[in-house]
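Here is how the chains run, residue by residue.
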Amino acid sequence: MDFFAQIIINGILLGAIYALISIGLNLIFGVIKIVNFAHGEFLMIGMYLTFLLFSQSGIDPYLSIPIVFVLLFVLGILIHKIILQPLLGKAEFNILLTTAGLGIVFQNLALMFFKSDYRVIQTSYSAAKIELFGTLVSVSRLGAFIVAILAAVILYFVLMKTRIGMDIRAVSQDPEAAVLMGINDKKIFTITFGLGVGLVGIAAAIITPIYYIFPTVGESFSTISFIVVVLGGLGSFHGALIGGFIIGIVEAIGGIISSAEWARVFSLLIFLFILFVRPSGIMGKNARV
Amino acid sequence: MLEVKNLNVSYEKMQVIWDASFEIHSGEVVALIGPNGAGKTTILKTLMGLLTPLSGSISYMGKDLLAYPNYERPKLGLSLVPEGRRLFPKLTVLENLQIAVRTPEAKEKRKENMDWIFELLPKLAERKNQLAGTLSGGEQQMLAIARGILSKPRLLMLDEPSLGLAPIIVEQVFDILRELKERGLTIFLVEQYVEKSLLLADRAYLLEEGKIVLKDDSKNMLKNDHVRKVYLGI
């Protein structure tokens, strides 16, 4: 029983991280209809920023959450304004290639500045564990879970209860009608891109105490977030949460009954199975934020 | 209030509006009639800035309207109830109304306008927390008009508000328009119900193949042979 609980708890903790990474990707897709192939690289940039803040200024990853969020929010806004905005409304394929290209550029810049070394940050709580429901849980994973859930709740509140959130939802559903209401759709697109990238910055800060940091660290997370988003339903906020938890739990179970490498195979199998049953994802079919 | 001169508009390379000139005075109801594909929607979209004209000028309350970006135009008092309603289906009825309230004037009048709309359309009041996408077609059209009014426009434009509605609902739509007219709102109406529109409007323009071929008082328009034969079927 304890063993089973351990797996499920690990899966849920992991799932929340996946969900938070995916929500940013999904928000950008749901509103701007851009598939952001550089998403994993924004995560990587966030992790290096957290690393730098920790190693140069001694700022704890949890304290660097707001800093990394703001820095990536601004980075997202600049990238969107300068590079992506001019391409909107033209051939969709160009934007796809551009975001993929940006990812490669970011990876190589990271390689240039940080070399291909694996970095790790050692915090006082890195190895700490606490007991939860009779199982031992890593403190940094529990912390990551709490922050991820909090961030998702705050985002949900902003989207559902604030004026800017209502504008974002309106633009997501019908940008032209939103313009008729006096909403500057371009501005909303830019803010949304910044928000999506900022959210992945939060994810980056909280996983830095858990994972190694290296220039291509974004790739595996990128793959996972694409799976999560498609699994949950493109553009659906709830879908990304549910998808995150499913993949997290499947990977935790898969990792126990076989090895960590095979865990990914299990999640891909579940992914294929769910797509077979529900081609538009769990919360799919026109689901939007 | 609105003066359009020598407007030319094209989609890509196909020109659809040729040298159109018309004006709307404050307090008037002006109808724009014409067959499908004549370019009526194109004219409305150009006024709202969803399309950029090739040439021509649009002066609105003494301002050069073309100098304003599209999202600023609703704040100047222009409001379009678009063809096909274009509600936000996953926003609630109330949110669909609130989203149009942006200027200080609109905010000030918001409660008054809301109360008036809910009194006029009690069904909307009952369903104000429902998602707009779950309303019936008639209710959606009412909501679209209500949304158009809540921005407190000086000029309300409607693109085929009766399209696809049951005759009894069409009556209701025209009742609302009559009520708005009595309240002194300036209205620019694009409609397929030519007779009803002409009975409501003060003046009308006839648009055929992208050209304004006729302009007159509605009364005279109703007597015009061409209009009677082609649009009224008499």
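Residues numbered from 1 in each chain as written. Chains lettered and ligands numbered in written order. Predicted model: local features only at pLDDT ≥ 70, side-chain atom pairs only at ≥ 80, totals over all residues. Heavy atoms only, no water.

Participant: Describe the overall build of chain A, listing the residues and the values that go with them.
Facilitator: Looking only at helices and strands, chain A features 11 helices and two strands. The order of helices and strands in chain A, counted from the N terminus, is α-α-α-α-β-β-α-α-α-α-α-α-α. For chain A, whose C-alpha radius of gyration is 19 Å, the value lies close to the compact-globule estimate of 19 Å for 289 residues. When burial is assessed residue by residue, chain A has 52% of its 289 residues classed as buried. Across chain A, contacts joining residues at least 24 apart in sequence account for 77% of those joining residues at least 6 apart. Taken as a whole, chain A presents about 12500 Å² of accessible surface, with 72% of it coming from carbon and sulfur. (Helix = DSSP H or I, 4+ residues; strand = E, 2+ residues; numbered from the N terminus. Rg over C-alpha atoms; globule rule 2.2 N^0.38 Å. Buried < 20%, exposed > 50% of the residue type's maximum accessible area, 1.4 Å probe, protein only. Contact = heavy atoms within 4.5 Å. Areas by Shrake-Rupley, 256 points an atom, 1.4 Å probe, with all protein chains shown as cover.)

Participant: Go over helix α7 (residues 167-182) of chain B, please, and point to the residues and values.
Facilitator: Residue and element names in this part refer to chain B. With 16 residues, α7 extends 23 Å from end C-alpha to end C-alpha; this agrees with the ideal 22 Å at 1.5 Å per step. Those residues of α7 lying buried are Val170, Val173, Phe174, Ile176, Leu177 and Leu180. For α7, the angular spread of the buried residues around the axis is 155°, confining them to a single face. More than 90 degrees from the buried face of α7, the exposed residues found are Pro167, Ile168 and Glu182. At its buried positions, α7 is contacted by α4 (110-120), α6 (137-150), β7 (155-159), β8 (186-190) and α8 (194-200). Looking at the residues trailing α7, positive phi occurs at Gly184, about 90°. (Expected span 1.5 Å × (residues − 1). Arc of directions from axis to C-beta.)

Participant: If you had to explain the pattern of salt bridges to someone new, which residues and values would you point to?
Facilitator: Residue and element names in this part refer to chain B. Counted according to the given criterion, the structure contains 17 salt bridges over all chains. A salt bridge links Glu160 to Lys40, with the nearest nitrogen and oxygen atoms 4.0 Å apart. A residue pair is termed long-range when its members are at least 10 positions apart, and Glu160 in the loop between β7 and α7 and Lys40 in helix α1 (residues 40-48) qualify at 120 residues. In this structure, Glu160 and Lys40 share a single accessibility class: buried. (Salt bridge = Lys/Arg side-chain N within 4 Å of Asp/Glu carboxyl O.)

Participant: How would you sum up the interface of chain A and chain B? Please name residues and give values.
Facilitator: Each partner contributes residues to the interface: chain A has 19 residues there, and chain B has 21 residues. Considering only the side of chain A, the residues that lose the most area to chain B are Gln173(A), Leu180(A) and Met181(A), jointly responsible for 33% of the buried surface there. Residue Arg86(B) is joined to Glu176(A) by a salt bridge in which the shortest nitrogen-to-oxygen separation is 3.2 Å. Where chain A touches chain B, the interface holds 11 residue pairs in polar contact (both at pLDDT 80 or more). (Buried area = accessible area lost by both parts, 1.4 Å probe. Polar contact = N/O pair within 3.5 Å; in protein donor to acceptor, adjacent residues only side chain to side chain.)

Participant: Let's hear about the sheet that holds strand β5 (residues 63-64) of chain B: which residues, and what values?
Facilitator: All names here are of chain B. What the four strands build is an open sheet, ordered β2-β1-β4-β5; its pairing is antiparallel. If you trace the sheet from one side to the other, it starts and ends with β2 (14-24) and β5, each paired once. Summarising the sheet, strand β4 (residues 55-60) and β5 pair through two bridges and their orientation is antiparallel. Within β5, the position partnered with Tyr60 by the bridge is Lys63. In the packing of α1 onto the sheet, contacts are made with β1 (2-11), β2 and β4, and the angle to β1 comes to roughly 110°. (Pairing = 2+ DSSP bridges. Axes fitted to C-alpha atoms, helices over the stretch in contact; angles between N-to-C directions.)

Participant: Outline the domain arrangement of chain B, supporting the account with residue identities and numerical values.
Facilitator: All names here are of chain B. Structurally, chain B comprises domain 1 (1-77 + 154-234) and domain 2 (86-152). In this assembly, 13 residues from domain 1 lie in contact with 14 residues from domain 2. Summing both sides of the interface, domain 1 and domain 2 together bury roughly 1200 Å²; the carbon and sulfur share of this comes to 74%. Three residues stand out in domain 1 for area buried against domain 2, namely Lys75, Ile176 and Arg183, and they jointly supply 34% of the buried area on that side. Put simply, domain 1 and domain 2 have one salt bridge between them. Of the charged contacts, one joins Arg154 and Glu105 as a salt bridge, the two residues approaching to 3.8 Å between their closest N and O atoms. (Domains from an automatic or database assignment.)

Participant: Pulling in residues and values, what's your account of a nonpolar patch on the surface?
Facilitator: A cluster of nonpolar side chains, namely Val70(A), Val74(A), Leu78(A), Ile82(A) and Ile83(A), defines an oily patch on the protein surface of about 420 Å² accessible area. With respect to the helices and strands, Val70(A) occurs in helix α3 (residues 65-84). (Patch = residues over 30% accessible without salt bridge, like charges linked within 9 Å, V, L, I, M, F, W, Y side chains within 5 Å.)

Participant: Could you give an account of the nonpolar core, naming the residues involved and the relevant values?
Facilitator: Residues and elements named next belong to chain B. One finds Leu47, Leu124 and Phe188 to be the most contacted residues of the largest nonpolar core, which totals 156 residues. Of the domains in this structure, domain 1 (1-77 + 154-234) and domain 2 (86-152) are the two that each give at least three residues to this core. Each residue touching Phe188, except ones within four places of it in the same chain, is listed here: Phe22, Ile24, Val30, Leu32, Leu44, Leu47, Leu155, Leu156, Met157 and Leu158. (Core = buried A, V, L, I, M, F, W, Y, C linked by side-chain atoms within 4.5 Å.)

Participant: Could you give an account of the sheet that holds β7(B), naming the residues involved and the relevant values?
Facilitator: Residues and elements named next belong to chain B. Strand order across the open sheet formed by six strands is β6-β7-β8-β3-β9-β10, with mixed pairing between neighbours. Each of the sheet's edge strands pairs with one partner strand only, and the pair in question is β6 (78-81) and β10 (211-217). For this sheet the average axis-to-axis angle between neighbouring strands, irrespective of direction, equals 15°. In the sheet, strand β9 (residues 203-208) pairs with β10 via six bridges, with the strands oriented antiparallel. For Leu206, the partnering residue across the bridge sits in β10 and is Leu214. On top of the sheet, α6 reaches β6 and β7; it is set at about 175° to β6, its chief contact. Contacts from α7 reach β3 (29-33), β7 and β8 within the one sheet, and its direction differs from that of β8 by about 150°.

Participant: A description of unusual backbone geometry should follow, citing residues and the corresponding values.
Facilitator: In terms of backbone geometry, most residues other than glycine have negative phi values and most peptide bonds are trans. Residues and elements named next belong to chain B. Non-glycine residue Glu12 carries a positive phi angle of around 50°. By secondary structure assignment, the location of Glu12 is in the loop between β1 and β2. Even without being a glycine, Met61 presents a positive backbone phi close to 50°.

Participant: So what's going on with the packing of aromatic side chains? Which residues, and what values?
Facilitator: Residue and element names in this part refer to chain A. A full pass over the atoms with the stated rule returns 12 aromatic pairs over all chains. Considering the side-chain rings of Tyr48 and Phe114, the 4.0 Å spacing of their centres and the 15° angle between planes classify their relative orientation as stacked. Here Phe114 lies in helix α4 (residues 92-114) and Tyr48 lies in helix α2 (residues 39-57), a separation of 66 residues in the sequence. With relative accessibility at 2%, the residue Tyr48 sits in the buried group. Judged by its relative accessible area of 15%, Phe114 falls in the buried class. Judged by centre distance (5.6 Å) and plane angle (65°), the rings of Tyr118 and Tyr212 are edge-to-face. Residue Tyr118 is found in the loop between α4 and β1 (129-132), and its partner Tyr212 is found in the loop between α8 (185-207) and α9 (217-232); the two are separated by 94 residues along the sequence. The exposed category is assigned to Tyr118, whose relative accessible area is 53%. (Phe/Tyr/Trp six-rings, centres within 6.5 Å; stacked < 30°, edge-to-face > 60°.)

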